[in-house]
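Examination of the molecular architecture
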Amino acid sequence: MPLPMLSKESDKLSLFKYLEGVFNDLEQQKIALDQSAIVAFTDTKGDITYVNDKFCEISQYAREELVGQNHRIINSGYHGKDFFTNLWRTIAQGKVWSGEIRNRAKDGSHYWVYTTIVPYLGANGKPYQYVSIRFDITKQKNQELELKQRTKQLEDFCFIVSHNLRAPLSNLLLLTSMIKESDSLEDQRTLIDKLAKPVHILNETFNELVESLQIRQDVDIKKEKLRFDECFQKTMESLNVDVIYPDITIEGNFDKAPEIHYPKKYLMSIMHNLLSNAIRYRSPKRNLKVELESYLKNGEVHMKVKDNGIGIDMAANEKKLFGLRKTFHDNHDAKGFGLFITKTQIETMGGSIYAESELEKGSTFFVQFHKNESYERN
Amino acid sequence: MKEIDTLFLVDDDDTYQFIVQRTLSSINLVKSIRIFSNGREAINFLESSIGDPNLIPDVILLDLTMPIMDGWQFLENYILLKPRLGKRVHIYVVSSSVDPSDVERAKNISEVSDYIVKPITKQKLISLLSSLS
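Looking up chain B in an unreviewed UniProt entry gives the name Response regulator, with the organism given as Flagellimonas hadalis.

By the naming in an unreviewed UniProt entry, chain A is histidine kinase, taken from Flagellimonas hadalis. UniProt annotates chain A under Catalytic activity (unreviewed entry) with the comment "ATP + protein L-histidine = ADP + protein N-phospho-L-histidine."

Description of the interface of chain B and chain A
Each partner contributes to the interface: chain B provides 27 residues, whereas chain A provides 27 residues. Here chain B and chain A share an interface that buries about 2300 Å² over both sides, 56% of which is from carbon and sulfur atoms. Three residues stand out in chain B for area buried against chain A, namely Ile19, Arg22 and Ser96 of chain B, and they jointly supply 22% of the buried area on that side. Joining chain B to chain A, the criterion identifies 3 salt bridges. A salt bridge links Asp14 of chain B to Lys197 of chain A; the nearest nitrogen and oxygen atoms lie 3.0 Å apart. Along the contact surface separating chain B from chain A lie 5 residue pairs in polar contact (both at pLDDT 80 or more).

Topic: the sheet that holds strand β5 (residues 112–117) of chain B
Strands belonging to one sheet form pairs held by backbone hydrogen bonds; the direction of such a pair is parallel or antiparallel. All names here are of chain B. Spatially, the 5 strands line up as an open sheet ordered β2-β1-β3-β4-β5, and their pairing is parallel. Each of the sheet's edge strands pairs with one partner strand only, and the pair in question is β2 (30–36) and β5. If you compare each strand with its neighbour and ignore which way they point, the axes differ by 20 degrees on average. Bridge count for strand β1 (residues 4–10) against β2 is 6 bridges, and the pairing is parallel. Across the sheet, the residue bridging to Leu9 is Ile35, located in β2. Sheet strands touched by helix α1 (residues 14–27): β1, β2, β3 (59–62) and β4 (90–95). Its angle to β2, the strand with the most contacts, is close to 175 degrees.

Things to note about a nonpolar patch on the surface
Nonpolar side chains collect at one region of the surface, where Leu19, Phe23 and Leu26 of chain A lie side by side and expose about 310 Å² of accessible area between them. Relative to the helices and strands, Leu26 of chain A is located in helix α1 (residues 9–36).

The rules behind the values
- Residues numbered from 1 in each chain as written.
- Chains lettered and ligands numbered in written order.
- Predicted model: local features only at pLDDT ≥ 70, side-chain atom pairs only at ≥ 80, totals over all residues.
- Heavy atoms only, no water.
- UniProt positions renumbered as here; feature names shortened; annotations may be inferred.
- Contact = heavy atoms within 4.5 Å.
- Buried area = accessible area lost by both parts, 1.4 Å probe.
- Salt bridge = Lys/Arg side-chain N within 4 Å of Asp/Glu carboxyl O.
- Polar contact = N/O pair within 3.5 Å; in protein donor to acceptor, adjacent residues only side chain to side chain.
- Pairing = 2+ DSSP bridges.
- Helix = DSSP H or I, 4+ residues; strand = E, 2+ residues; numbered from the N terminus.
- Axes fitted to C-alpha atoms, helices over the stretch in contact; angles between N-to-C directions.
- Patch = residues over 30% accessible without salt bridge, like charges linked within 9 Å, V, L, I, M, F, W, Y side chains within 5 Å.
- Areas by Shrake-Rupley, 256 points an atom, 1.4 Å probe, with all protein chains shown as cover.

Shown next, in the form of structure tokens:
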């Protein structure tokens, strides 16, 4: 609309009409914005002066709880200090900032928003307030994070193929060429004997690779109602604990959470791997004692496996604990696969696993079997 | 061709230890070889050998993935020891890993002369050792 000239009385009426039109347009734009985006206004200190309904809805706060509060109220602590320093520097200079932010709702859950912050500039060119316009990207962000995790797992697979298969394979290559070059029958015999170990390692590595690959194809694996004590009993039998390790005490206490809805194959494998891990890393200084316990936390079934073994130096090995590449102790039989398989199985079912440990004291592994629904917003 | 006095092999794989030992003894380029099954053992030996250059090796063949102390941790500890060794040591990383981030990481450590992907054949060993002597 062109601005009318105000030379005549009649022009005042057209000005009024013009302004009415402008206000009407603005009102319509505000409605459109409120329908689509999460909107908040803050002053230059970041104190909230206005929030729209969508802001209240996603943050789970009432309007009265937000207005007057600093915007930090929804800070999730995910982004570093530099992130917000850069944001504030940008908008304080009167420039537009946009990016992805993880915020925290009132119940402690997290949500991701694509955010654009536009400064309102005063006559002196300095911002006097900021408007932030956000869109909920939680779903996309979670998918992105999941995709990254999958990619990481695939990369891990390349490492096993390259490393864990290459090591025995290159030994075999060298040994066979030595056999070929040797002209003494006795010497050839010695070399042939040396073939057994790398062949055995190759075979075991291959089998474990196949097992962990199968987990990935098990997306629709059948869940059933399982009793922890029954699975525990079967695991103990398959490990043949009583016969092979008479000095070892393994106790199961499943009173707090006796049952779980889970794939049987996985529960057995998780118990088997955590127990054989405890047995493998028992301390030579004391008889091994392992305690398995199922329990409820936040309404979800958990299990912990506590041992008094040699422990893991968590400071040095935390990140690699469930990886494929390493073992943590001077134990040549350990290939460090078991925990990787366990982690993959648990994560496939939406759960998680972590460990606490102290050298020479022992380790405790904590398993959460299912996704904690109250913290998911998908 | 001058012989190399001492070579350290730091690797936890006993089959590989056997192979390297046997190959070296067949090519007569190294007078003595010492084997360590992890970085910790090798660092301990180096620490206790400070002041005795005869015990310090000329060449170290270093694996990356080892229990107790891996190749990276060995290198961190070695860098701290290096000024007190009083001898030029050539370190070759010999690993089964083809992960580019491992190769890059090793190349960025000036103490590492080269990164060799297993298997290290007799010919490779000969050309490597004769380039030093």
